[in-house]
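# What the coordinates show
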Amino acid sequence: MFAFIIRRLIQAIVVMVAVAFIAFMLFQYVGDPVVFLLGQDARPDQIRQLRIDLGLDQPFFVQFWHFLVNAAQGEFGLSLRQGAKVSRLISERLPATFELAIVAALLALLVGVPMGVYAALKRGRFMSQVFMTISLIGVSLPTFLIGILLILVFAVWLGWFPSFGRGDVVQVGWWRSGLLTVDGWHHIVLPAVTLAVFQLTLIMRLVRAEMLEVLRTDYIKFARARGLSDNAIHFGHALKNTLVPVMTITGLQLGGLIAFAIITETVFQWPGMGLLFIQAVTFADIPVMAAYLCLIALIFVVINLVVDLLYFLVDPRLRVGPAGGH
């Protein structure tokens, strides 16, 4: 286990350095930050002095090393659009995106897994066909259209939920949470459902496919021959082995929820990192774009490491050493 963790950490460091290099290249080829800061009417001596102050007169790899050191400390300079530290802007927006992604992921898991199990165990039943039809619609519809439809029905026509914003939040240390207020939950329902629909249908279809595959294996037939009950077979044996690939997809999708909540946050004007990134792209705010890229890569790396470690808890075959033939 220790050697496995060390290997994964080394791989994670290599990945983060590669992503940091890509983020650093944004500074080299996506506009000139000096021009953004001083404007088109700046004098040559002002431009030259600012380049020296920012270290842009130094060799390429020296600049990249300084970028790596600062990025490891969570520092990406100042936002070219807002003039504030990028780390502060990210820390202000991170709680909103993180809470939205967590609620959407829990919703997708709590609904998608039971639906997938039911669709596998009750093939041909009416509700099973309904679930498969819903999953097809959920996979086919784009996220922004789902969000607009939900706003039209539940915010405009019925007036049950607000159509934008985060609602009331509570300050807990440096974290601003909307999950501790009724108004916060009221505001998060529609964006969380919008973000969860695709993940829910994906998990449901994956669970159904894996469950059907596991139910055809020899050890399930042997369990039936031993006289085990259907519940013991379905939930004690089949579902447990089905969860290994489901955990992989869920882990990657959680990173995807955080990374690609951009559309949902834009539709609902949710004050998260996705909305910040859209504004950064619009104004070519390179430090914010670079910080967002590095942070999302770090989230994916951490989630993948956690998922790999969870494999050892779910699948005992992975804990068998060389003496066991693996």
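Preceding this section is the structure that the text describes.
The structure contained in this document is the topic of the report that follows.

Criteria and thresholds
- Residues numbered from 1 in each chain as written.
- Predicted model: local features only at pLDDT ≥ 70, side-chain atom pairs only at ≥ 80, totals over all residues.
- Heavy atoms only, no water.
- Phe/Tyr/Trp six-rings, centres within 6.5 Å; stacked < 30°, edge-to-face > 60°.
- Helix = DSSP H or I, 4+ residues; strand = E, 2+ residues; numbered from the N terminus.
- Buried < 20%, exposed > 50% of the residue type's maximum accessible area, 1.4 Å probe, protein only.
- Polar contact = N/O pair within 3.5 Å; in protein donor to acceptor, adjacent residues only side chain to side chain.
- 1 Å grid on protein atoms, 1.4 Å probe; cavity = no way out; pocket = protein on both sides within 12 Å on 5 of 7 lines; lining within 4 Å.
- Points joined across faces, edges and corners; volume = space filled by probe spheres on them.
- Nonpolar A, V, L, I, M, F, W, Y, C, P; charged D, E, K, R; others polar.
- Core = buried A, V, L, I, M, F, W, Y, C linked by side-chain atoms within 4.5 Å.
- Contact = heavy atoms within 4.5 Å.

Each aromatic ring pair is described using two quantities: the centre-to-centre distance and the angle formed by the ring planes. One pass over the structure, following the stated rule, counts 10 aromatic pairs. Between the aromatic rings of Phe-24 and Phe-64, the centroid separation amounts to 5.5 Å while the plane-to-plane angle is 55°, which identifies the pairing as tilted. Linking Phe-24 in helix α1 (residues 2–29) with Phe-64 in helix α4 (residues 60–72), this pair joins segments that are 40 residues apart in sequence. Assessed through its relative accessible area of 10%, Phe-64 is described here as buried. Measuring from centroid to centroid gives 5.7 Å for Tyr-118 and Phe-131, while their planes differ by 70°, and the two rings are edge-to-face. Pair noted here: Tyr-118 is in helix α5 (residues 86–121) and Phe-131 is in helix α6 (residues 126–140), with a separation of 13 residues, a long-range link. Residue Tyr-118 is classed as partly exposed on the basis of its relative accessible area, which comes to 29%. Given the relative accessible area of 15%, Phe-131 is considered buried. Grouped by ring-pair contacts, the aromatic residues Phe-21, Phe-24, Phe-64, Phe-67 and Phe-76 constitute a single cluster.

For Ser-177, the location among the structural elements is in strand β2 (residues 175–177). For Ser-177, the side chain forms a polar contact with the side chain of Glu-99, separated by 2.8 Å.

Quantified by volume, the second largest pocket comes out at close to 440 Å³. The wall of the second largest pocket is formed by 17 residues, among which Ala-71, Gly-74, Phe-76, Cys-294 and Leu-298 lie closest to the centre. Sorting the residues of the lining of the second largest pocket by element identifies α1, α4, α5 and α13 (286–314) as the ones contributing at least two each. In terms of residue class, the lining of the second largest pocket is built from 14 nonpolar, three polar and no charged.

Let's shift gears to the nonpolar core. Phe-67, Ile-90, Met-211, Met-273 and Ile-296 are the most contacted members of the largest nonpolar core, which has 67 residues in total. In terms of residue count, α5 provides more of this core than any other element does, 16 residues in total. Other than its neighbours up to four places away in sequence, Met-273 contacts Ile-90, Arg-93, Leu-94, Thr-97, Ile-258, Glu-265, Tyr-292, Leu-295 and Ile-296. In this structure, Ile-146, Leu-150, Ile-151 and Phe-268 belong to the second largest nonpolar core, which totals six residues.

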